[in-house]
Amino acid sequence: MTDNNTHHDTIGRKPLLDAAREEMVKFERKENEFRRKDREERAAQLHLPLDEIRIN
């Protein structure tokens, strides 16, 4: 009886876990985009050439 309930609980949780993962991916994409724009804005304010910086 316990095995059946555990299996049922696992099946019921899968859609929730999938939805949580999808939301996390969306959040990470938005966060990365925000950070990229913020870096570009700060570089523009400081007059830093982001594309031309090379580290040897």
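Now for a description of the structure that goes with this document. (Residues numbered from 1 in each chain as written. Predicted model: local features only at pLDDT ≥ 70, side-chain atom pairs only at ≥ 80, totals over all residues. Heavy atoms only, no water.)

## Quick look at the overall build of the protein chain
Note the following rule: Put simply, DSSP marks the helices as runs of H or I at least four residues long and the strands as runs of E at least two long, and each gets a number from the N terminus on. Only protein chains enter the accessibility calculation, which uses a 1.4 Å probe; a residue is then buried when its area is under 20% of its type maximum, exposed when over 50%, and partly exposed in between.
Counting secondary structure elements, the protein chain contains 1 helix and 0 strands. Looking at the protein chain as a whole, 2% of its 56 residues qualify as buried.

## Re the pattern of salt bridges
Selection rule: Think of a salt bridge as a Lys or Arg side-chain nitrogen and an Asp or Glu carboxyl oxygen that are within 4 Å of each other.
One pass over the structure, following the stated rule, counts 8 salt bridges. A salt bridge links Lys26 to Glu23; its shortest N-O distance comes to 3.5 Å. Within this pair, Lys26 and its partner Glu23 are both found in helix H1 (residues 2-46), separated by 3 residues, close to a single helical turn. According to the relative accessible area criterion, Lys26 is partly exposed, its value standing at 40%. For Glu23, a relative accessible area of 46% corresponds to the partly exposed category. Across the pair Arg36 and Glu33 runs a salt bridge, and its minimum N-O distance is 2.4 Å. Of this pair, Arg36 and Glu33 both sit in helix H1, 3 residues apart, which is roughly one turn of the helix. A relative accessible area of 30% places Arg36 in the partly exposed class. It is possible to trace a salt-bridge network through shared partners that takes in Lys14, Asp18 and Arg21.

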